[in-house]
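Here is what each chain is made of, one letter per residue.
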Amino acid sequence: MKKQIPFLDLSCIPPDVDAALKQKFSEILEKGIFSGGVEVTRLEEKLATFLNVLHVIPCSNCTDALEIALRVLGIGPGDEVIVPALHGYLRLNPLRWLELNLFLLIPTNRV
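Residues numbered from 1 in each chain as written. Predicted model: local features only at pLDDT ≥ 70, side-chain atom pairs only at ≥ 80, totals over all residues. Heavy atoms only, no water.

Peer 1: Can you break down the environment of K24 residue by residue, with the values?
Peer 2: In this fold, K24 is placed in helix 1 (residues 15–31). C-alpha of K24 to C-alpha of E39: the two residues are 15 residues apart in sequence and 9.8 Å apart in space. Those residues in contact with K24, other than ones at most four positions away along the chain, are E39 and R42. (Helix = DSSP H or I, 4+ residues; strand = E, 2+ residues; numbered from the N terminus. Contact = heavy atoms within 4.5 Å.)

Peer 1: Just give me the short version of a nonpolar patch on the surface, but keep the residues and values in it.
Peer 2: Taken together, the side chains of L43, L47, F50, L51 and V53 define a hydrophobic patch exposed on the protein surface, amounting to about 470 Å² of accessible area. By secondary structure assignment, the location of L51 is in helix 2 (residues 37–51). (Patch = residues over 30% accessible without salt bridge, like charges linked within 9 Å, V, L, I, M, F, W, Y side chains within 5 Å. Areas by Shrake-Rupley, 256 points an atom, 1.4 Å probe, with all protein chains shown as cover. Salt bridge = Lys/Arg side-chain N within 4 Å of Asp/Glu carboxyl O.)

Peer 1: So what's going on with unusual backbone geometry? Which residues, and what values?
Peer 2: Although it is not a glycine, N52 sits at a positive phi angle of roughly 55°. Following the sequence through the fold, N52 ends up in the loop between helix 2 and helix 3 (62–72).

Peer 1: I'd like a description of the side chain of E67, backed by residues and values.
Peer 2: With respect to the helices and strands, the residue E67 is situated in helix 3. Excluding residues within four positions of it along the chain, E67 makes contact with P94, W97 and L98.

In structure tokens, the structure reads:
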């Protein structure tokens, strides 16, 4: 028996959270600022406090986060990176942008 699982079921959001989210989205739409700005600064501050760290860099996606992490670690042209064969291919873009030698771990016990 196949059961259909909804991609994103927003009906389970509590009414008070729903109202707060709608209010915040409305404020952001009115300002017309969708990246950077006060909201991102507040997010950085709250995350840094929650994680008890000095610096936080919010990212819009995993690709950006991976590139930032590689750069912070000083990984660059000519360095070798080994990644599993089972991954999203877009995750390889930062590795290509940094001109890294890329090795895929491919299981040999698969048919």
